[in-house]
Amino acid sequence: MAVTTHNRPRGTVPEQPSLLYRSEVRQVIYQALLIGGLVFAGWWVVNNVAENLQRQNIASGFDFLDRTSGFDISQTLIPYSNVSTYGRAFWAGLLNTLLVAAVGIVFATIIGFIMGIARLSSNWLIARLATVYVETVRNVPLLLQLLFWYFAVLKNLPPPRQSVALTGGGFLNVRGLYLPAPVAEPGFDAVGIAFLIGIAASIGLFAWARRRQMQTGQQFPVLWSSLALIVGLPGLLHIVLGAPLSWEYPVLRGFNFQGGIVMQPEFLALLLGLSIYTASFIAEIVRAGILGVPKGQKEAARALGLSNGQMLRLVVIPQAARIIIPPLTSQYLNLTKNSSLAVAIGYPDFVSVFTGTVLNQTGQAVEVILMTMGVFLTISLLTSAFMNWFNQRMALVER
Amino acid sequence: MSDTAAEVSLAKMRPPPHSTTGPAAWMRENLFSTWSNTLLTLIGLYVAYLAISGAVSWAFLNATWTGADGSACTRGSAGACWPFVQAKFSQFMYGRYPEAERWRVDLTYILALAGLVPLMMPWVRGKLYLSIYMLAIFPVLAFLLLYGGVGLEVVTTELWGGLLVTLVVASVGIAGAFPIGILLALGRRSNMPIVRWVSVGFIEFVRGVPLITVLFMASVMLPLFLPDGWTIDKLVRALIMVALFSAAYLAEVIRGGLQAIPRGQYEAADALGLRYPQKMGLIILPQALKLVIPGIVNTFIGLFKDTSLVLIIGLFDLLGIVQQNLTDSNWFSPSTAMTGYVFAGLVFWIFCFGMSRYSMFVERRLAAGERR
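Sequence order as written defines the numbering, with residues in each chain counted from 1. The lettering of chains begins at A and the numbering of ligands begins at 1, in the order of writing. Two thresholds apply to this predicted model, a pLDDT of at least 70 for residue-level local features and 80 or more for giving and counting side-chain atom pairs, whereas whole-chain, interface and lining totals are computed over all residues. Just so you know, side-chain values use all the structure's heavy atoms and leave hydrogens and water out.

The subject of this paragraph is the overall build of chain B. Secondary structure counts use DSSP, requiring at least four H or I residues in a row for a helix and at least two E residues in a row for a strand, with both numbered from the N terminus. Regarding its fold elements, chain B presents 15 helices and zero strands. Each radius of gyration reported is based on C-alpha atoms, and the globular scaling rule is 2.2 Å times the count of residues to the power 0.38. Computed over C-alpha atoms, the radius of gyration of chain B comes to 28 Å, more than 25% over the 21 Å expected from 2.2 N^0.38 for 372 residues, which places it beyond the range of a compact globule. On the principal axes, the C-alpha backbone points of chain B span a range of 100 × 80 × 40 Å. Between buried and exposed lies partly exposed: a residue is buried under 20% and exposed over 50% of the maximum accessible area for its type, with that area taken using a 1.4 Å probe on protein chains only. Scored against the burial criterion, the 372 residues of chain B give a buried share of 42%. Taken as a whole, chain B presents about 20200 Å² of accessible surface, with 68% of it coming from carbon and sulfur. Working definition of accessibility: Shrake-Rupley area with a 1.4 Å probe, residue cover restricted to the visible protein chains.

Here we take up the packing of helix 4 (residues 82-94) of chain B against helix 14 (residues 318-326) of chain B. Residues and elements named next belong to chain B. Axes, fitted as lines to C-alpha atoms, cover a helix only where it is in contact. Angles between the N-to-C directions of the axes lie from 0 to 180 degrees. Between helix 4 and helix 14, whose axes approach to 10 Å, the crossing angle comes to 135°. Judged by the angle between their axes, helix 4 and helix 14 are oblique. Here the hand of the crossing between helix 4 and helix 14 comes out right-handed. Between helix 4, through F84, K88, Q91 and F92, and helix 14, the contact on the second element is made entirely by L318, I321, V322, N325 and L326. Basically, the charged four are Asp, Glu, Lys and Arg, the nonpolar ten are Ala, Val, Leu, Ile, Met, Phe, Trp, Tyr, Cys and Pro, and anything else, Gly included, counts as polar. Among the residues forming the contact of helix 4 with helix 14, the class breakdown is six nonpolar, two polar and one charged. Oblique is the label for every angle not falling under 35 degrees (roughly parallel), over 145 degrees (roughly antiparallel), or within 65 to 115 degrees (roughly perpendicular). Put simply, a crossing is left-handed when the front helix is turned counterclockwise from the back one by less than a right angle, and right-handed when it is turned clockwise. Residue contacts are defined here by distance: any two heavy atoms, one from each residue, within 4.5 Å place the two residues in contact.

This part is about a nonpolar patch on the surface. On the surface, A:L20, A:Y21, A:I29, A:Y30 and A:L33 cluster together into a nonpolar patch covering about 520 Å² of accessible area. Topologically, A:Y30 is positioned in helix 1 (residues 23-56). Candidate patch residues must exceed 30% relative accessible area and have no salt bridge, after which like charges are joined if within 9 Å and Val, Leu, Ile, Met, Phe, Trp or Tyr side chains if within 5 Å. Salt bridges are counted wherever a side-chain nitrogen of Lys or Arg sits within 4 Å of a carboxyl oxygen of Asp or Glu.

To continue, consider the pairing of strand 3 (residues 176-179) of chain A. All names here are of chain A. Here three bridges tie strand 2 (residues 171-173) to strand 3, and the two strands are oriented antiparallel to one another. Opposite L172, over in strand 3, you have L177 as the bridge partner. Between any two strands, pairing holds if DSSP finds at least two bridges. Where strand 2 folds back onto strand 3 in an antiparallel hairpin, the turn is made up of two residues. The sheet contact formed by strand 3 and strand 8 (residues 261-263) spans three bridges and is antiparallel. By the bridge assignment for strand 8, L177 is matched with M263.

So, about the domain arrangement of chain B. All names here are of chain B. Note that the domain bounds were set by an automatic or database domain assignment. Domain parsing of chain B yields domain 1 (88-97 + 161-370) and domain 2 (98-154). Distance from the C-alpha centre of domain 1 to the C-alpha centre of domain 2: 20 Å. Domain 1 puts 13 residues into the contact, and the matching count from domain 2 is 13 residues. Carbon and sulfur atoms supply 62% of the area that domain 1 and domain 2 bury against each other, a total of about 1100 Å² over both sides. Looking at the side of domain 1 facing domain 2, the largest losses of area belong to Y94, Y97 and Y358, adding up to 60% of the total buried there. Connecting domain 1 to domain 2 are zero salt bridges. Two N or O atoms count as a polar contact when they lie within 3.5 Å, although within protein this holds only if one can serve as hydrogen donor and the other as acceptor, and sequence-adjacent residues are included solely when both atoms are side-chain atoms. The interface formed by domain 1 and domain 2 holds seven residue pairs in polar contact (both at pLDDT 80 or more) in total. Of all the secondary-structure elements, those providing two or more residues to the side of domain 1 that touches domain 2 are helix 4, helix 7 (163-188) and helix 15 (336-371). By residue number, the principal contributor to the side of domain 1 that touches domain 2 is helix 7, which donates four residues. Class assignment for the residues of the side of domain 1 that touches domain 2 results in nine nonpolar, two polar and two charged. Buried area is calculated as the accessible area (1.4 Å probe) missing from two parts once they are joined, with the contributions of both summed.

Right, let's get into the state of the cysteines. Residues and elements named next belong to chain B. Two cysteine sulfur atoms make up a disulfide if the distance between them is within 2.5 Å. A full pass over the atoms with the stated rule returns one disulfide over all chains. The residue that forms a disulfide with C73 is C81, at a sulfur-sulfur distance of 1.9 Å. When the S-S torsion is 65°, as for the bridge of C73 with C81, the disulfide is right-handed. By the burial criterion, C73 is buried, and C81 matches it.

Glancing now at the interface of chain B and chain A. Much of the literature gives interface size as the accessible area that the parts lose upon coming together. The interface of chain B with chain A comprises 59 residues on the first partner and 52 residues on the second. Surface buried jointly by chain B and chain A totals about 4700 Å² across both partners, of which 74% is contributed by carbon and sulfur atoms. The three residues of chain B that bury the most area against chain A are B:L224, B:K305 and B:Y341, which together make up 14% of that side's buried surface. Connecting chain B to chain A are one salt bridge. Note that A:E135 and B:R357 form a salt bridge whose closest N and O atoms lie 3.2 Å from each other. Counting the contacts that link chain B with chain A gives 15 residue pairs in polar contact (both at pLDDT 80 or more).

Residues and elements named next belong to chain A. Mapped onto the fold, M115 is located in helix 2 (residues 86-119). M115 gets classed as partly exposed once you look at its relative accessible area, which sits at 22%. For M115 and I282, which are 167 residues apart along the polypeptide, the C-alpha to C-alpha distance reads 8.6 Å. Those residues in contact with M115 that lie beyond four places of it in its chain are A130, Y133 and A283.

Right, let's get into the confidence of the model for chain B. Summarising the model, chain B shows a mean pLDDT of 86, and 95% of its residues fall at 70 or more. Scored as a complex, the prediction yields pTM 0.86 and ipTM 0.88. Confidence per residue, as judged by the predictor, is encoded in pLDDT with a range of 0 to 100.

This brings us to the packing of aromatic side chains. For Phe, Tyr and Trp, rings pair up if their centres lie within 6.5 Å, where Trp contributes its six-membered ring, and each pair is then called stacked (planes under 30 degrees apart), edge-to-face (over 60) or tilted (otherwise). Scanning all chains against the criterion turns up 30 aromatic pairs over all chains. Ring geometry for A:F90 against A:W91: centres 5.1 Å apart, planes inclined by 90°, an arrangement best described as edge-to-face. The exposure class of A:F90 is buried, given its relative accessible area of 8%. For A:W91, a relative accessible area of 49% puts it in the partly exposed group. Taken together, A:F90, A:W91, A:F350, A:F354 and A:F376 form an aromatic cluster joined through their ring pairs. We count a charge as sitting over a ring when the NZ of a lysine or the CZ of an arginine lies within 6 Å of the ring centre and within 35 degrees of the ring normal. Cation over ring: B:R207 sits above B:Y249, and NZ or CZ is 5.5 Å from the ring centre.

Turning our eyes to something else, we now look at the side chain of A:N123. Structurally, A:N123 can be placed in the loop between helix 2 and helix 3 (124-137). On the basis of relative accessibility, which here comes to 0%, the residue A:N123 falls in the buried class. Polar contacts involving the side chain of A:N123 include one to the main-chain amide nitrogen of A:L125, which spans 3.0 Å. Once residues within four sequence positions are removed from consideration, A:N123 is found in contact with B:N30, B:L31, B:N37, B:L40 and B:T41.

Where helix 11 (residues 365-394) of chain A contacts helix 8 (residues 193-208) of chain B, the axes come no closer than 8 Å and their chain directions differ by 100°. Classified by the angle their axes make, helix 11 of chain A and helix 8 of chain B are roughly perpendicular. Between helix 11 of chain A and helix 8 of chain B, the contacting residues are A:M373, A:F376, A:L377 and A:S380 on the first element and B:E204, B:F205 and B:G208 on the second. The residue inventory of the contact of helix 11 of chain A with helix 8 of chain B, partitioned by class, reads four nonpolar, two polar and one charged.

Residues and elements named next belong to chain A. A sheet is described by the order of its strands in space; here four strands give the open sequence 1-2-3-8, paired in antiparallel fashion. If you trace the sheet from one side to the other, it starts and ends with strand 1 (164-165) and strand 8, each paired once. Packed on one face of the sheet, helix 7 (residues 265-291) meets strand 2, strand 3 and strand 8 and runs near 65° to strand 8.

Encoded structure:
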């Protein structure tokens, strides 16, 4: 828009500005230059890569995924051994990443919500403690925290023979955390089915109670009755059937524990680090969300005679959720991305298995890095798709 | 009547009842108002006691203060091994930077502080000259001092390490990320479709992948991208990647600021006949950047913490050099690792916490201007 108008005598025809000064023309030129530059850079890079690969005798293409990997992975969710393919290693690593991310998200959310609410507590001491937690944890690099948990804490635990015994039959030692494993005996299926029926029935009950309240204004104690359905029904069945669930306790045999669930120190360190670090950010998000609900809303709820619980449930939480959920989702995404730091402590996550070991063995850097980035981009695009859907659903409808 | 009213002496003001002032009342109000509150306070006291007593006994009471090697720390006490930090302190600060040349690093720090400290004080005048110093003169001086040349002995970047590398990566990262971030933010809001798509593509791509994969890319893929015989210094590679990575995050922060500027400002600039660079540089960006200073500082804090990731590609920043020294067999003891991490954590914490406090200070100051 760089048309400068000069003083010109009346009546003369305004001279046509040079074509270069037309903004449309300029925009086309700029964009053509940009495309040209990018295409040239791309061509140059591809050319160099092809040349370099040829000189270093590195194969290209995705055939390597079907070749035998020849290395072991210490913890896998799917059957995997050193005769499995690189493709299988890809999935084993990816599932490990998703496992630690999923468990980490659960813990980070729980700790984060507790700390966020604690920071707003009217109790001075509790609020201070939560503040100290948040300010300490979020100002120290996550990688340092992971190394701390792994090398300074978990690797300093006593050997199996001097394990720390935990209440409930678990043990903690330098080899990891050993927990009792639930073992389902015949008849336990029925309890599981009862649990599912309980959930289904409570959903139905909720819908019915809501409809009835809309029509008649009468409330139904949904919370207690659904709790009875979900916990009570399977619990009762469990007792009637003679407790068909037993626990397999880890027992020290020789130099190590046998039985039970084992959590390796690498997994534990990653889980601790990710949960505690992300929770400090979630705490701030929760705090901001609750503070973001205007005071008038609470006063209005009080004026309507709502109880404390009702005020929280019907007025504060729905509005705070609208503020909290978008940044919360991006924290979940951060946690998933940060789980790639596992490479520093040797947890066999996706990046350490695939981008680390597989890349080193095959040398096919381009393919491996492209696949790595593809995986993370897919996760992040799915997350942002969810976020857009959520934002649309939750957007304030102005009436 | 007014006369009599004036004559009536005011009732002597009485102090508030004793039960509403003083520490006892404060405690009743804030700590023991209800039975559940009292319970919380007791739990909190217990937690605080555990944390403080644990920290004090580890760092002071049970700590080892002197010793020539790790055996001093193996006496069974579970406290910190401070001689380890004492012995390795200069490594933690400078890495393998030659001892005779370390004054150059210190001088660089002093030169940086000389520019940065007055720049950060809102009441100091002459910000323009300070900015020119920091943006144009200081980088040249710093490069000459740290790397060498012009009469100074050259110290290659393999010898750099410790806090020096952390600070170099962080400051070059932010200095590089800033202009790129502004361009990306403007590009994302441009009305030229191709510019917009390229910006959005870059931003979303970078924000979608973890920094560590970007660094991996720098260490294994970048050499493939270049013709045979070209090599880029490992530190420079990390610098480029960190700058590009933070630029994407910074772009989103700046875009937030651009969006918050009222349309009228854009239109007024157009009406004055300003060209695009003038409009952005003189009208829009100064306001937008001011709005998002907290966001920018947060990005910088994130970047500062992320510098620790360079240890994964084999650079020795503060954390990297601590990690490396933990394997020193002379200093093998059960508490060496904990001591090293606590020390590194403390250094990182001081920087990050300081920056976040500074950002809060700036935010309050700017908000004071808005309130008037």
